[in-house]
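# Survey of secondary and tertiary structure
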Amino acid sequence: MSSKIYKKLGANPFRPWPARITSITQLTSKEKLFEFRIIDQRVRDAFHFHSGQFVELSLFGVGEAPISISSAPSKQGFIELCIRDSGTVTGAIHQMQCGDIVGLRGPFGRGFPFEDMKGHDILLVAGGLGIAPLKSLINHIHDERHAFGKVTILLGARTPSEILFRQEFDMWKHREDFDLTLTVDQPEPGWDGEVGLVTKLFDNLPVNPALTYGAICGPPVMYRFVVEEMRKKNLDYDRIYVSFERRMKCGIGMCGHCGVGHQYACIDGPVFSYWEALNLKEAM
Ligand SMILES: Cc1cc2nc3c(=O)[nH]c(=O)nc-3n(C[C@H](O)[C@H](O)[C@H](O)COP(=O)(O)OP(=O)(O)OC[C@H]3O[C@@H](n4cnc5c(N)ncnc54)[C@H](O)[C@@H]3O)c2cc1C
Ligand code: FES
């Protein structure tokens with residue numbers, strides 16, 4: 001099952017849309033933020049997505065990799081991807097320049113239940129590169145801030161120099177309508193923030209379980225411990241959402257590479273409620 005855009009345009013979901021790199025920002029030694037503009041205006045105008053969805057980044061003659069969309073759905077006309085140099089495709093795009101052309105397929109998958117989350121407090125927890133899809137959600141919540149209660153964001157990284165979007169988050173720390181805390185496993189000279197695992201930030205954290213949705217993104221090892229902390233705060237399993245990264249190829253439920261239990265992460269996920277995840281063999 002491919003996304004609505006393919007039905008609307010009668011397009012082939014295996015065929016990438018050509019897109020131009022319009023900006024590149026070096027975030028850390030391993031991650032860069034790329035901004036893309038789809039070249040065909042008809043496609044650009046029809047390209048709508050939800051936070052938590054992903055695209056297949058296609059480099060001609062190199063290959064494809066699934067990458068979460070980092071920008072907010074409201075940022076029409078441009079798509080941001082935060083990409084870690086970790087292999088063939090991601091290494092190749094790190095060598096590319098502004099103006100170069102890539103291919104994008106998507107948007108694919110099921111994102112966060114944004115509409116259901118409205119009217120609730122939100123507790124977002126991200127570790128490492130997990131901030132990429134959550135940043136889209138944070139910015140989307142920011143765009144419709146009046147529709148949400150208290151928004152708490154807990155971010156963990158191994159070291160201060162590995163914190164992604166550091167400048168943006170340093171600014172957000174001072175906002176009254178977002179309660180954002182950063183923590184690192186290993187401090188570096190000049191770091192005056194929290195030290196320790198992101199789970200430590202749950203100590204004394206006030207949470208109203210009847211009103212709160214949780215969302216978690218990060219390395220797989222983090223999920224179980226963060227869910228445990230959310231459960232200690234009495235959040236229901238079906239109000240906790242996690243994003244699963246599985247090996248993917250087609251992105252549209254055809255190749256079978258991304259099986260999680262009896263479902264496919266590319267179409268049934270990558271965002272699942274923890275309740276759904278518990279019922280999926282090998283999910284956690
Ligand atoms: C839904 C989804 C969203 C993602 N979002 C992002 C993102 O926002 N930013 C980002 O940098 N990366 C993201 N990834 C991860 C990225 O797709 C993989 O790292 C991918 O392998 C990169 O392709 P490559 O050709 O550069 O690496 P490859 O050369 O294919 O692989 C490099 C190494 O990673 C291993 N590997 C491949 N796929 C995975 C996987 N899914 N999980 C764990 N190990 C894997 C390979 O076995 C190999 O050891 C996402 C993955 C998924 C499924
Ligand atoms: S990536 Fe092919 S079925 Fe999911």
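Remember, predicted model here, so these are calculated numbers, not experimental data.

On to the sheet that holds strand β2 (residues 31-38), then. Two orientations exist for strands paired in a sheet by backbone hydrogen bonds: parallel and antiparallel. Across the sheet, six strands lie side by side as β4-β3-β6-β1-β2-β5; this open sheet has antiparallel pairing. Each of the sheet's edge strands pairs with one partner strand only, and the pair in question is β4 (63-68) and β5 (79-84). Averaged over all pairs of adjacent strands, the angle between strand axes in this sheet comes to 40°, irrespective of strand direction. Relative to strand β6 (residues 101-108), strand β1 (residues 17-26) runs antiparallel, the two being bridged by four bridges. Bridged to Pro-18 within β6 is Gly-103.

A separate point is the site of ligand 1. Within the structure, ligand 1 sits among 18 residues, and Pro-66, Cys-82, Arg-84, Val-89 and Thr-90 are positioned closest to it. Val-89 is positioned such that a nitrogen or oxygen atom in its backbone is 2.9 Å from an oxygen atom of ligand 1. The fraction of the free accessible surface of ligand 1 (890 Å²) that becomes covered by protein chains is 71%. Looking at the shell around ligand 1, the elements with two or more residues in it are β4, β5 and α3 (88-93). Among the elements that make up the shell around ligand 1, the one with the highest residue count is β4 (four residues). When grouped by side-chain class, the residues that make up the shell around ligand 1 number nine nonpolar, five polar and four charged.

With that settled, the discussion passes to the domain arrangement of the protein. Each domain of the protein was delimited in the assignment, giving domain 1 (4-108) and domain 2 (114-243). Computed over C-alpha atoms only, the centres of domain 1 and domain 2 are separated by 25 Å. The interface is formed by 18 residues belonging to domain 1 together with 15 residues belonging to domain 2. A combined buried area of about 1200 Å² lies between domain 1 and domain 2, and 59% of that area is made up of carbon and sulfur atoms. Inspection of the region where domain 1 meets domain 2 yields one salt bridge. One can count six residue pairs in polar contact (both at pLDDT 80 or more) joining domain 1 with domain 2. Breaking the side of domain 1 that touches domain 2 down by element, the ones donating at least two residues are β2 and β5. Partitioning the side of domain 1 that touches domain 2 into residue classes produces seven nonpolar, seven polar and four charged.

Criteria and thresholds
Residues numbered from 1 in each chain as written. Chains lettered and ligands numbered in written order. Predicted model: local features only at pLDDT ≥ 70, side-chain atom pairs only at ≥ 80, totals over all residues. Heavy atoms only, no water. Pairing = 2+ DSSP bridges. Helix = DSSP H or I, 4+ residues; strand = E, 2+ residues; numbered from the N terminus. Axes fitted to C-alpha atoms, helices over the stretch in contact; angles between N-to-C directions. Near = heavy atom within 4 Å. Polar contact = N/O pair within 3.5 Å; in protein donor to acceptor, adjacent residues only side chain to side chain. Areas by Shrake-Rupley, 256 points an atom, 1.4 Å probe, with all protein chains shown as cover. Nonpolar A, V, L, I, M, F, W, Y, C, P; charged D, E, K, R; others polar. Domains from an automatic or database assignment. Contact = heavy atoms within 4.5 Å. Buried area = accessible area lost by both parts, 1.4 Å probe. Salt bridge = Lys/Arg side-chain N within 4 Å of Asp/Glu carboxyl O.

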